[in-house]
Amino acid sequence: MTYQPTLEFAQKLDQDDPLRDYRNRFYIPETADGQPSIYLCGNSLGLQPRTVEAYVQQELEDWAKLGVEGHFRARRPWMPYHELLTPAAARLVGALPEEVVVMNSLTVNLHLMMVSFYRPVPGRYKIVMEANGFPSDQYAVKSQLQYHGFAPDEALLEFPLRENEVLHRTEDMVQFLEEHGAEIALVLLGGVNYYTGQAFDIPAIAEAARRRGCMIGLDLAHAAGNLPLQLHDWQIDFAVWCSYKYLNSGPGGIAGCFVHQRHLQERENPRFAGWWGQNKQTRFLMGPEFDPIPTAEGWQLSNPPILLLAALRASLDIFDEAGMDRLRQKSVKLTGYLEHLIRRVGPDKVQIITPGHPEARGCQLSLVIGDEGRRVFEQLTERGVICDWREPDVIRIAPVPLYNSFEDVYHFARILGELVQGAP
Ligand SMILES: *Cc1c(COP(=O)(O)O)cnc(C)c1O
């Protein structure tokens, strides 16, 4: 497609966009003077679907009317409420329904998964992660290593980057696993790196990990709802994701967790248990023996927060309707247009560190504007653009296909151009 840098062209793309009406299903935050902002921060917190209120309100009403009886008599009984989200969540990540459960928050799920699937043995106890990974994941991994008695300095590896490069090369990652795989117990990778926006070639890396006998787990915080995923077919061992970014479930929303089918019947791995993971037939007999549900639900600890589930359900219903494939098609175009316009601003002024190939990224582009980065970011904010800043020097821009328009992207690039030229 040949893009043109004009408002008319952007508006034409919006008119031709089969998903354009989805924007109206969301609240778009306003600037101080009451104009819709240019919201390009769905990678950090997705916007609120207008339907969330009704979904949550229904549970508040049933709680008011029924009290504890809502567990069985609510219009959507709370006892099995989380099951309502499973099919849509499974479709989103390419999993069988039994492989997926919605529960807790991302980091909690990451710990629960490492308890079961980080199984160090003498000679094979290391964990390898991407360079520049999300600091919280590093804290989680280091604390797991320490818990097992290993020194993070020695037991935590990073896939090496080539000199002066910020992106990983698949062939280097595969090569690294070929060389060091025998001592690696777990490969833990972001689906999309939060900083650079790089989407990894997960099937290739998963295959290399498997060949060398390593477990592979994924943090899909920036991939779920952003890229089509095939966790089952890729034979990923486990994955976790939060839902408040691309999945629009609201601040602190409830997270997702995937356990591959081949692990569901295993009883030899340890796991941290709680009553909600207990066989549903015997859960309320309150017996002393833990008999886990033979699905991903067997990792649940507590009875889940229904109000959070209701908010996420509103959003997943929209995803199901729009369809991840159509969203991805639009996303490739939208981000491609953003890239085209930013390049016109001038590569000497704005550097895009995210890969140029659509297969190697989701919707986010990460921009480096040298010494001026912080100033430009602050002025973008003053001009009604909502995006985010990541230390030390990156502005992250994420046009989200559900609610961003080509016109949003056009105006963003126009304002960016003005700011980096230093003109008003
Ligand atoms: C956003 C994000 C998290 C957030 O973790 P929470 O437990 O939901 O606070 C974790 N990892 C990555 C890579 C993220 O981008």
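In this text, all values refer to a predicted model and were calculated from it rather than measured experimentally. (Residues numbered from 1 in each chain as written. Predicted model: local features only at pLDDT ≥ 70, side-chain atom pairs only at ≥ 80, totals over all residues. Heavy atoms only, no water.)

On to the packing of helix α8 (residues 170-180) against helix α9 (residues 202-211), then. Direction vectors running N to C along α8 and α9 enclose 10°, while the axes themselves pass 9 Å from each other. In this view, α8 runs roughly parallel relative to α9, as classed from their interaxial angle. Of α9, the residues touching α8 (which contributes Thr170, Met173, Val174, Leu177 and Glu178) are Ala204, Ile205, Ala208, Ala209 and Arg211. (Axes fitted to C-alpha atoms, helices over the stretch in contact; angles between N-to-C directions. Helix = DSSP H or I, 4+ residues; strand = E, 2+ residues; numbered from the N terminus. Parallel < 35°, antiparallel > 145°, perpendicular 65-115°, else oblique. Contact = heavy atoms within 4.5 Å.)

With that settled, consider the site of the ligand. All residues in the neighbourhood of the ligand are listed as Leu106, Thr107, Phe134, Asp137, Asp219, Ala221, His222, Cys242, Tyr244 and Lys245. Between the ligand and His222, the relevant distance is 2.9 Å, taken from an oxygen atom to a side-chain nitrogen or oxygen of the residue. Protein chains bury 82% of the 390 Å² of accessible surface belonging to the ligand in isolation. Each residue belonging to the shell around the ligand can be placed in one class, and the counts come to five nonpolar, two polar and three charged. (Near = heavy atom within 4 Å. Polar contact = N/O pair within 3.5 Å; in protein donor to acceptor, adjacent residues only side chain to side chain. Areas by Shrake-Rupley, 256 points an atom, 1.4 Å probe, with all protein chains shown as cover. Nonpolar A, V, L, I, M, F, W, Y, C, P; charged D, E, K, R; others polar.)

Take the sheet that holds strand β7 (residues 238-241) next. The strands making up a sheet associate through hydrogen bonds between their backbones, and the pairing can be parallel or antiparallel. The strand order across the open sheet formed by seven strands is β2-β8-β7-β6-β5-β3-β4, and the pairing between neighbours is mixed. Looking at the sheet topology across the chains shown, the edges are occupied by β2 (100-102) and β4 (156-158). Strand-to-strand twist of the sheet, defined as the mean angle between neighbouring strand axes without regard to direction, takes the value 20°. When strand β6 (residues 215-219) meets β7, the two strands line up parallel, connected through three bridges. If you follow Gly217 over to β7, its bridge partner there is Phe238. Here helix α4 (residues 86-93) sits on the sheet and contacts β2 and β7; the angle it forms with β2, its principal contact strand, is near 120°. (Pairing = 2+ DSSP bridges.)

Let us now look at the pairing of β6. Buried residues dominate β6, accounting for five of its five residues. Side-chain alternation along β6 places Met215, Gly217 and Asp219 on one buried face and Ile216 and Leu218 on a second face that is also buried. For strand β5 (residues 184-190) and β6, the ladder comprises five bridges, and the chain directions are parallel. Across the sheet, the residue bridging to Leu189 is Leu218, located in β6. Since β5 and β6 lie parallel, the crossover through α9 that links them has a hand, and here it is right-handed. (Buried < 20%, exposed > 50% of the residue type's maximum accessible area, 1.4 Å probe, protein only. Right-handed = clockwise from strand over helix to strand, strands pointing away.)

Under the 1.5 Å per step criterion, the end-to-end length of helix α5 (residues 106-117) is 16 Å for twelve residues, consistent within 8% with the ideal 16 Å. Most of α5 sits out of view: nine of its twelve residues are buried. Buried residues of α5: Leu106, Asn109, Leu110, Leu112, Met113, Met114, Val115, Ser116 and Phe117, and no others. Where the residues of α5 are buried, they touch α6 (135-147), β5, β6, β7 and β8 (256-259). (Expected span 1.5 Å × (residues − 1).)

Enumeration according to the criterion identifies zero disulfides in this entry. Not part of a disulfide, Cys387 finds its nearest cysteine sulfur in Cys41, a span of 6.8 Å. (Disulfide = S-S within 2.5 Å.)

The next subject is the domain arrangement of the chain. The domains assigned to the chain are domain 1 (7-36 + 323-421) and domain 2 (56-320). Across the contact, 28 residues belong to domain 1 and 19 residues belong to domain 2. Interface of domain 1 and domain 2: buried area, both sides summed, is about 1900 Å²; carbon and sulfur atoms make up 61% of it. Its largest share of buried area at the contact with domain 2, domain 1 owes to Met324, Ile353 and Gln364, together 27% of the area lost on that side. Remark: the boundary between domain 1 and domain 2 carries zero salt bridges. The interface formed by domain 1 and domain 2 contains nine residue pairs in polar contact (both at pLDDT 80 or more). Counting residues per element, the ones that place at least two in the side of domain 1 that touches domain 2 are α11 (324-345) and β13 (394-397). (Domains from an automatic or database assignment. Buried area = accessible area lost by both parts, 1.4 Å probe. Salt bridge = Lys/Arg side-chain N within 4 Å of Asp/Glu carboxyl O.)

For the structure on display, the rule yields 29 salt bridges. One salt bridge connects Arg374 with Glu391, and the closest N-O pair in it is separated by 3.6 Å. With Arg374 in helix α12 (residues 373-382) and Glu391 in the loop between β12 (388-390) and β13, this pair connects stretches of sequence that are 17 residues apart. What emerges from the salt-bridge pattern is a single network uniting Glu61, Asp62 and Arg75.

Let us look at the packing of aromatic side chains. Tallied over the full model, the rule gives 15 aromatic pairs. Note on Trp276 and Phe284: the rings are 6.4 Å apart at their centroids and 90° apart in plane angle, and the pair reads as edge-to-face. For Phe284, a relative accessible area of 43% translates into the label partly exposed. An angle of 55° between the planes, with centres 6.2 Å apart, marks the rings of Tyr337 and Phe406 as tilted. Here Phe406 lies in helix α13 (residues 406-421) and Tyr337 lies in helix α11, a separation of 69 residues in the sequence. Using a relative accessible area of 0% as the deciding quantity, one classes Tyr337 as buried. Residue class for Phe406 comes out buried when judged on its relative accessible area of 2%. Among the aromatic residues, those joined into a ring-pair cluster are Tyr3, Phe9, Tyr337 and Phe406. (Phe/Tyr/Trp six-rings, centres within 6.5 Å; stacked < 30°, edge-to-face > 60°.)

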